[in-house]
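# Structural description and commentary
Given next are the chains, with one letter for each unit.
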Amino acid sequence: DLAFRLLLLLGGRKMELLSATWDEFDLQQQTWTLQPERAKTGRGIVIPLPEQAIIWLKEAKYLGCGSDYVFPAISRQTKPHMGQTTLNAAIQKLRAKVDGIEQLNVHALRHTARTHLAALGVQQEVAELILNHTLKSQGIVAVYNHHDFFDERKAALTKWADLITSLLNHQ
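What counts and what doesn't
Residues numbered from 1 in each chain as written. Predicted model: local features only at pLDDT ≥ 70, side-chain atom pairs only at ≥ 80, totals over all residues. Heavy atoms only, no water. Helix = DSSP H or I, 4+ residues; strand = E, 2+ residues; numbered from the N terminus. Buried < 20%, exposed > 50% of the residue type's maximum accessible area, 1.4 Å probe, protein only. Areas by Shrake-Rupley, 256 points an atom, 1.4 Å probe, with all protein chains shown as cover. 1 Å grid on protein atoms, 1.4 Å probe; cavity = no way out; pocket = protein on both sides within 12 Å on 5 of 7 lines; lining within 4 Å. Points joined across faces, edges and corners; volume = space filled by probe spheres on them. Nonpolar A, V, L, I, M, F, W, Y, C, P; charged D, E, K, R; others polar.

## Quick word on the overall build of the protein
A tally of regular secondary structure across the protein gives eight helices and three strands. Along the protein, helices (α) and strands (β) appear in the sequence α-α-β-β-β-α-α-α-α-α-α when read from the amino end. Counting every position in the protein, which comprises 171 residues, the buried fraction comes to 42%. As presented, the protein carries roughly 9900 Å² of accessible surface, and 54% of it is formed by carbon and sulfur atoms.

## A word on empty space enclosed by the protein
If you walk through the whole model with that rule in mind, you get two cavities of 30 Å³ or more. Approximately 80 Å³ is the volume found for the largest cavity. Taken together, Leu-10, Gly-11, Gly-12, Arg-13, Glu-16, Trp-32, Leu-34, Ile-47, Arg-110, Ile-130, Leu-131 and Asn-132 make up the lining of the largest cavity. Here the residues of the lining of the largest cavity sort into six nonpolar, three polar and three charged.

## Digging into the environment of Gln-29
Mapped onto the fold, Gln-29 is located in the loop between strand 1 (25–26) and strand 2 (31–34). With 20 residues separating them along the chain, Gln-29 and Leu-49 place their C-alpha atoms 8.6 Å apart.

Structure representation (structure tokens):
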């Protein structure tokens with residue numbers, strides 16, 4: 001549930017989150033530093049964490065019982081962190097319980113985040129950077145503009161977190 005929520009909120013890639021270690025997170029500074037070698041794009045990124053993400057991460061830390069991994073493996077697996085099949089199985093169970101989400105999958109969470117960011121009025125380049133996409137579509141602008149939009153990404157993720165929280169509170 002926490003992995004699912006964090007993926008939805010942050011628009012992250014499944015294995016980047018599931019294999020994350022606590023040393024990547026600074027809960028005081030409210031950041032997650034994803035190193036280039038762990039990022040699908042090969043580019044590192046500092047991800048701003050809204051307050052709701054911090055709450056969920058603290059809960060994950062408590063449940064992790066001192067593991068180095070944010071989402072440790074819950075059974076003996078080949079990896080010390082939660083595997084992608086564990087999250088896929090959880091989503092499969094969710095699909096069986098809730099009408100109308102037959103098409104739900106982990107990648108759909110990124111689509112959902114991106115769509116809602118647009119609906120919230122978030123600038124295109126900010127929303128794309130939240131998903132850690134390369135700004136290829138911006139042509140020459142992407143070549144010359146190296147601003148990381150950190151503050152803008154944090155504000156956008158905070159708006160998105162507020163919406164998610166309000167929806168969760170009205171369940």
